[in-house]
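Notes for the structure review
Take a look at the letters that make up each chain.
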Amino acid sequence: MIQRGCKSPLRCIVKLGGAAITCKNELESINMETLKSVCAQLREAMAGSTNSSPGSVPSMDWSTQMGYAAVSLAEEFKDGRALDLVSNFIVVHGAGSFGHFQASTSGVHKGGLHLPLVKAGFVATRISVTSLNLEIVRALAREGIPSVGMPPFSCGWSTNGRNVASADVSHVIKAVDSGFVPILHGDAVLDELLDCTILSGDVIIRHLSHELMPNYVVFLTDVLGVYDRPPTDPDAILLRKIDITAVDEDGTWSIMKPCLQLKKLGVKITVAAHDTTGGMETKIAEAAMIAKLGINVYITKAGTPHSLRALRGEVGDDAPDDWLGTARHHLF
């Protein structure tokens, strides 16, 4: 596999689903329990050894935030062990209960910056999503992960008809090569045709995957994977393995496990009314395009033993029966 850009092969791009790390029904509310669990798992995956114990982790969040103790910088960082991580990961997170309300209320995703409501909504959306980005960076920093927030708008990402038109990934590459973990997110951006729109985290991951060719990609969601219908349906079936063919440009896919007599259009997807990025439907399409590049993609529930195994890269080409999630492979 050809590596583009980074000095060392990029190990993994992680998508933190907005529905997993926020409380969907509470405006701008973070699911701290899940976020803390995900951050701990990311550190464990970066530590490399499956036998290592997290122990006491020195925090990199040195701000005076209520509830967090001050750090003793000299003692905790003088020997360098606190930075002993293989940090060639990139994290992209969704917005969840942040940003979507502001964007859908103002119509930012439809464009039209000449309209006062759209311009105000653009600002409000970015305030919301960047505030979530800061809290995720802080949560990772408290686990000793050297994270840096990289909002796409601020880093020069833009679109043309909602397709990525400009994305200077050199900023991301430099951050990774310097030992940092870049934290990107879905963002309001400028669009050459529409004036503005919403660039989803899933689209960002597809572009980064094409440019940087990670070993694997992990989508962490609030459910165990892709189902043949909404997972709230009692008859919903978890699709364990999906193979991507190279027949069509749209990444035609077929269900390999379980052996169901289903076609692509037979899988029913629902999207929340306030979701301006397409929800699970966009996730499936973007994951298919990533798999077409020859990169294995895993979709599983955040904060579970299954997500830890995926982050460590232990699932492999043939997902074991005791791993619950959806594996997508390219069928050559």
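Residue positions are counted from 1 within each chain, in the order its sequence is given. Two thresholds apply to this predicted model, a pLDDT of at least 70 for residue-level local features and 80 or more for giving and counting side-chain atom pairs, whereas whole-chain, interface and lining totals are computed over all residues. To get the side-chain values, take all heavy atoms of the structure and skip hydrogens and water.

The number of helices and strands found in the protein is 9 helices and 13 strands. Two residues qualify as a contact provided that any one of their heavy atoms is within 4.5 Å of a heavy atom in the partner residue. Put simply, of all contacts in the protein between residues at least 6 apart along the chain, 74% involve residues at least 24 apart. Total accessible area on the protein stands at roughly 15,300 Å², and carbon and sulfur atoms take up 55% of it. Think of it this way: any DSSP run of H or I at least four residues long counts as a helix, any run of E at least two long counts as a strand, and we number them from the N terminus. Accessibility throughout is a Shrake-Rupley quantity obtained with a 1.4 Å probe, and a residue counts as covered only by protein chains that appear here.

As a further point, take the packing of aromatic side chains. Stacked, edge-to-face and tilted are the three classes for Phe, Tyr and Trp ring pairs, Trp counted by its six-membered ring, which pair at centre distances within 6.5 Å; planes under 30 degrees apart are stacked, over 60 edge-to-face, the rest tilted. Considering all chains together, one arrives at 3 aromatic pairs under this definition. Judged by centre distance (5.6 Å) and plane angle (70°), the ring pair of Phe122 and Phe153 falls under edge-to-face. With Phe122 in helix α5 (residues 116–141) and Phe153 in the loop between β3 (147–149) and β4 (158–160), this residue pair connects regions lying 31 residues apart in the sequence. Accessible area is worked out with a 1.4 Å probe on protein chains only. A residue is then buried under 20% of its type maximum, exposed over 50%, and partly exposed in between. With a relative accessible area of 32%, Phe153 lands in the partly exposed category. Members of the aromatic cluster, each reached through a chain of ring pairs, are Tyr216, Tyr298 and Trp323.

Right, let's get into the UniProt feature "binding site: substrate" (unreviewed entry) in the protein. UniProt positions are given in the numbering used here, feature names are shortened, and annotations may be inferred rather than shown by experiment. As recorded in UniProt, the feature "binding site: substrate" (unreviewed entry) lies at Ala95 and His100. Counting through the fold element by element, Ala95 comes out in the loop between β2 (89–93) and α4 (100–106). Here Ala95 falls in the buried class, since its relative accessible area comes to 12%. When sequence neighbours within four positions are dropped, the list of residues in contact with Ala95 reads Gly18, Thr22, His100, Val129 and Leu132. Mapped onto the secondary structure, His100 falls in helix α4. Taking the relative accessible area as the measure of exposure, His100 reaches 10% and is therefore buried.

The term salt bridge refers to a pairing of a side-chain nitrogen on Lys or Arg with a carboxyl oxygen on Asp or Glu at a separation within 4 Å. For the coordinates displayed, the defined rule picks out 8 salt bridges. Among the salt bridges present, the one from Arg312 reaches Glu44, with a minimum N-O distance of 2.5 Å. With Arg312 in helix α9 (residues 305–312) and Glu44 in helix α2 (residues 32–47), the pair connects residues that are 268 residues apart, well separated along the chain. The exposure class assigned to Arg312 is buried, which follows from its relative accessible area of 17%. One network of salt bridges, in which partners are shared, links Glu44, Arg312 and Glu314.

Here we take up unusual backbone geometry. Working note: non-glycine residues mostly have negative phi, and peptide bonds are mostly trans. In the Ramachandran plot, Glu28 falls in the positive-phi region, its phi being about 50° despite a non-glycine side chain. Here Glu28 is to be found in the loop between α1 (18–21) and α2. The phi angle at Arg162 is positive, at roughly 75°, despite the residue not being glycine. Looking at the secondary structure, you find Arg162 in the loop between β4 and β5 (163–166). For Arg162, a relative accessible area of 44% corresponds to the partly exposed category.

So, about the packing of α2 against α9. Every axis corresponds to a line fitted to the C-alpha atoms, with the helix fit spanning only the stretch in contact, and the corresponding angles, defined between N-to-C directions, vary from 0 to 180 degrees. With their axes 9 Å apart at the nearest point, α2 and α9 run at an angle of 35° to one another. As for the relative orientation of α2 and α9, their crossing is right-handed in sense. Packed against α2, whose contacting residues are Gln41, Leu42, Glu44 and Ala45, the element α9 presents Ser307, Leu308, Leu311 and Arg312 at the interface. Side-chain classes follow a simple rule in which Ala, Val, Leu, Ile, Met, Phe, Trp, Tyr, Cys and Pro form the nonpolar group, Asp, Glu, Lys and Arg form the charged group, and the remainder, Gly included, forms the polar group. Considered class by class, the residues forming the contact of α2 with α9 number 4 nonpolar, 2 polar and 2 charged. When the near helix sits turned anticlockwise from the far one by under a right angle, the crossing is termed left-handed; a clockwise turn instead gives a right-handed crossing.

All right, on to the packing of α2 against α5 then. Two numbers describe how α2 lies on α5: the axes approach to 9 Å, and their chain directions differ by 50°. With respect to their mutual orientation, α2 and α5 come out oblique. The chirality of how α2 crosses α5 is right-handed. Contact with α2, carried on its side by Leu35, Cys39 and Leu42, involves Glu135, Ile136, Ala139 and Leu140 of α5 and no other residues of that element. Split by residue class, the contact of α2 with α5 holds 6 nonpolar, no polar and 1 charged. Reported orientations rely on four angle classes, namely roughly parallel under 35 degrees, roughly antiparallel over 145, roughly perpendicular from 65 to 115, and oblique for the rest.

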